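Fold and contact review
Okay, here's what each chain looks like letter by letter:
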Amino acid sequence: MAPGQSTEDLGQQNQTMRAGEDEESSRGSRRRHLRKLPAAAGCGTFTFLSSAVAAISGLLMGYELGLISGALLQMRSILALSCKEQEIVVSSLLFGALFASLIGGFLIDQFGRRLAIIIASSLLVLGSLILLPYESYGIFIVGRIAIGISISLSSIATCVYIAEIAPQHRRGLLVSLNELMIVIGILFAYISNYAFARVSHGWKYMFGLVIPLGALQAIAMYFLPPSPRFLVMKNNDEAARKVLERLRETSDATKELTVIKSSLKDEHQYSFLDLFRSRNNMRARMLVGLTLVFFVQTTGQPNILFYASTVLKSVGFQSNEAASLASTGVGVVKVVSTVPATVFVDQVGSKTFLCIGSSVMAVSLVTMGLVNRNIYVNFTNVCRSQSPEDFFLQRPGNLTGVTNGSLKDLFASMASPERLSFDAQRSPDVARMGELNKTALAGGKSTTGSHMESGEVPVVLKWLSLASLLVYVAAFSIGLGPRTISSVKPVHCQVSLAYHLVQAFI
């Protein structure tokens, strides 16, 4: 028995040793595979740098979206804009964006993502330069339309460019970088609004700040490589291979190049009209995406971005400085709420964030409505042009040692018949307002002062209204942010076609 047991034990030991060697060999093979994986599909420094340079478009886009909120407070006084003219100034950017959305997909497929970003940045610089030398309503509309075309084209091209240069396991993170830059741009815009609120012609400084950054991005993008996917689309496989090897910091990118060719071959089986057919559930996906975009608009978030300072001024933040400072809180809340939504959306799920965000939005909007129901708001005065004498009287310290007679002399030229005649040609309401202010000054009164005295908002309601607005903005960033819409885009059709359709719907 002992020899048999010894032989059996020896066999078991040999089997255990062989199993251990096999397991050790397997672990070693896995370790070697993991060491090779980053080299084959890693996110190198050059990839991150290229994505960051492209994401500057998001920063510029967010800045231009939030900038008009504070700039409008000054422009309506300097250019004597009526309510309708102010609305056209704001919406002119959207007209340009709509035009670019309809042709953006074709442009980036025909000329490339990198070139589209360069053109967009150059157009933004050109549009901003148009605004600075002139104080003309018509010129301002032209400049804002050019900027609208720029930010719409860049938003399409940037997302596609970053997605196509990023490795698969880092694609979501790098694309989210562009979304984060948008909300940071909005925050910078509100800070700029506050910083230049008391500066003479401060709106020119606000619009001029983007010029160096836009020019820098256009120059930097020129030295970055084209998208590998675009090069394969143009049958330039060798150049695509070199770009992939540079982006992945590897000497062999054959496998990823093969994957790109395979995906393009699959996409050629689909057409743009397939987005509206039941094939692979495309129609349902597109309808869900369009519905979400529809709710983005109808819930009023874009209006908050464009009119934040104006809305806050109407609920008790009387001066331009106070309204601009309060609107800065909107930018801070958007950044703070976007970061966790972007980081945890894959773990928690877009649907969960959508349900939570929509519920909180509903509660905050109801609260805001109940609060504002108890606040008297003269909607004509909210958007009316502020006369030069009103602007002077509202600034602290300007009434020291000034008598009614000196005030009349001071504003005699501003309220001259020639000026009133010019205003009457542009807007009868503006001319009528100038006559009323001139009469009020002659009697030693200020129409603005009487309005402020009769329209004083209780402190509690003022701050409760601001708090409701901030909660609404935070809930929107969590629930109806860009990641929610992007998660339902059809993955088989060309990304640019689907994306520019949704952009046109916006």
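Residues numbered from 1 in each chain as written. Predicted model: local features only at pLDDT ≥ 70, side-chain atom pairs only at ≥ 80, totals over all residues. Heavy atoms only, no water.

1. Concerning the overall build of the chain
Rule in force here: We count a stretch as a helix when DSSP gives it H or I for four or more residues in a row; a strand needs E for two or more, and each element gets its number in order from the N terminus. Partly exposed residues are those whose accessible area sits between 20% and 50% of the maximum for their type, while under 20% is buried and over 50% is exposed, using a 1.4 Å probe and protein chains only. Any pair of residues with heavy atoms lying within 4.5 Å of one another is described as a contacting pair. Note on areas: Shrake-Rupley, 1.4 Å probe, and residue coverage restricted to the protein chains presented here.
Looking only at helices and strands, one finds 24 helices and 0 strands in the chain. Out of the 506 residues belonging to the chain, those deemed buried represent 47%. Residue pairs at least 24 apart in sequence account for 82% of intrachain contacts in the chain once pairs closer than 6 positions are excluded. As displayed, the chain offers around 25000 Å² of accessible surface, 65% of which is attributable to carbon and sulfur atoms.

2. Observations regarding a nonpolar patch on the surface
Basically, it comes down to this: A patch is a set of surface residues, each over 30% in relative accessible area and not in a salt bridge, joined within 9 Å for like charges and within 5 Å for the nonpolar side chains Val, Leu, Ile, Met, Phe, Trp and Tyr. Salt-bridge detection follows one rule: a side-chain nitrogen of Lys or Arg within 4 Å of a carboxyl oxygen of Asp or Glu.
Where nonpolar side chains cluster on the molecular surface, the patch consists of Leu98, Phe99, Leu102 and Ile103 and spans about 350 Å² of accessible area. Note that Ile103 resides in helix H3 (residues 83-111).

3. Thoughts on the packing of helix H2 (residues 45-78) against helix H6 (residues 171-195)
Worth spelling out the cut-off: Axis lines are fitted to C-alpha atoms, over the contacting stretch for helices. Their N-to-C directions set the angle, which ranges from 0 to 180 degrees. Throughout, a crossing is termed right-handed when the near helix is turned clockwise from the far one, and left-handed when it is turned anticlockwise from it by less than a right angle. For this classification, Asp, Glu, Lys and Arg are treated as charged, while Ala, Val, Leu, Ile, Met, Phe, Trp, Tyr, Cys and Pro are nonpolar and the rest, including Gly, are polar.
In the contact formed by H2 and H6, the axes pass within 6 Å of each other and the chain directions differ by 35°. Judged by the sense of rotation from one axis to the other, the crossing of H2 with H6 is right-handed. Looking at the contact of H2 with H6 residue by residue, the class counts come to 18 nonpolar, 11 polar and no charged.

4. Considering unusual backbone geometry
A positive phi angle is found at Asn235, which is not glycine, with a value near 60°. Topologically, Asn235 is positioned in the loop between helix H9 (228-233) and helix H10 (237-248). The phi torsion at Glu249 lies on the positive side, around 55°, for a residue other than glycine. Summarising the element assignment, Glu249 is placed in the loop between H10 and helix H11 (254-267).

5. A short note on the side chain of Asn193
As a reminder, the rule being used: Whenever two N or O atoms come within 3.5 Å, that pair is a polar contact, provided that in protein one can donate a hydrogen and the other can accept it, and provided that, for residues adjacent in sequence, both atoms are side-chain atoms.
For Asn193, the location among the structural elements is in helix H6. Asn193 gets classed as buried once you look at its relative accessible area, which sits at 1%. In terms of polar contacts, Asn193 uses its side chain to reach the backbone carbonyl oxygen of Gly66, at 3.4 Å. Setting aside residues up to four positions removed in sequence, Asn193 forms contacts with Gly66, Leu67, Ser69, Gly70, Ala71, Met206 and Ser324.

6. Thoughts on the environment of Val459
Mapped onto the elements, Val459 comes out in helix H22 (residues 459-479). According to the relative accessible area criterion, Val459 is exposed, its value standing at 54%. For the pair formed by Val459 and Val315, sequence separation is 144 residues and the distance between their alpha carbons is 9.9 Å.

7. Section: the pattern of salt bridges
Opposite charge on two side chains lets them pair, provided their charged atoms get close. One pass over the structure, following the stated rule, counts 9 salt bridges. For the salt bridge of Arg248 with Glu256, the shortest nitrogen-to-oxygen distance reads 2.8 Å. The structure contains a network of salt bridges with shared partners spanning Asp109, Arg113, Glu164 and Arg229.

8. Remarks on the packing of aromatic side chains
Keep this limit in mind: Aromatic pairs are defined between Phe, Tyr and Trp rings, using the six-membered ring for Trp, whenever the two ring centres lie within 6.5 Å; interplanar angles under 30 degrees are classed as stacked, those over 60 as edge-to-face, and all others as tilted.
Per the counting criterion, the structure on display carries 6 aromatic pairs. Taking the centre distance of 5.9 Å and the plane angle of 70° together, the rings of Phe140 and Trp203 count as edge-to-face. Taken as a pair, Phe140 in helix H5 (residues 137-165) and Trp203 in helix H7 (residues 202-208) lie far apart in primary sequence, 63 residues in all. Ring geometry for Phe140 versus Phe207: centroids 5.6 Å apart, planes at 80°, classification edge-to-face. Placement of Phe140 in helix H5 and of Phe207 in helix H7 is noted, with a sequence separation of 67 residues between them. Each member of the pair, Phe140 as well as Phe207, is classed as buried. Taken together, the aromatic side chains of Phe140, Trp203 and Phe207 make up a single cluster linked through ring pairs.

9. Observations regarding the environment of Asn320
Mapped onto the secondary structure, Asn320 falls in helix H14 (residues 320-348). The buried category is assigned to Asn320, whose relative accessible area is 9%. C-alpha of Asn320 to C-alpha of Ser309: the two residues are 11 residues apart in sequence and 7.7 Å apart in space.

10. Concerning helix H4 (residues 113-131)
Spelled out, the test is: Expected span, for any helix, means 1.5 Å times one less than how many residues it has.
Its 19 residues give H4 an end-to-end C-alpha distance of 27 Å, which sits within 8% of 27 Å, the value for a rise of 1.5 Å per residue. Here H4 has its buried residues at Arg113, Ala116, Ile117, Ile118, Ala120, Ser121, Leu124, Val125, Gly127, Ser128 and Leu131. On its buried side, H4 packs onto H2, H3, H5, H7, helix H8 (210-222) and H9.

11. Let's talk about the side chain of Gln217
Along the chain, Gln217 falls in helix H8. A relative accessible area of 0% means that Gln217 is categorised as buried. When residues no more than four places from it in sequence are discounted, the contact partners of Gln217 are Val53, Ala54, Ile56, Ser57, Leu60, Ile117 and Ser121.

12. Considering the environment of Ser122
Secondary-structure assignment places Ser122 in helix H4. Overall, the relative accessible area of 39% leaves Ser122 in the partly exposed class. Sequence-wise, Ser122 and Ile147 are 25 residues apart; in three dimensions their C-alpha atoms are separated by 9.9 Å.

The quantities given are spatial measurements derived from coordinates; they are silent on function.
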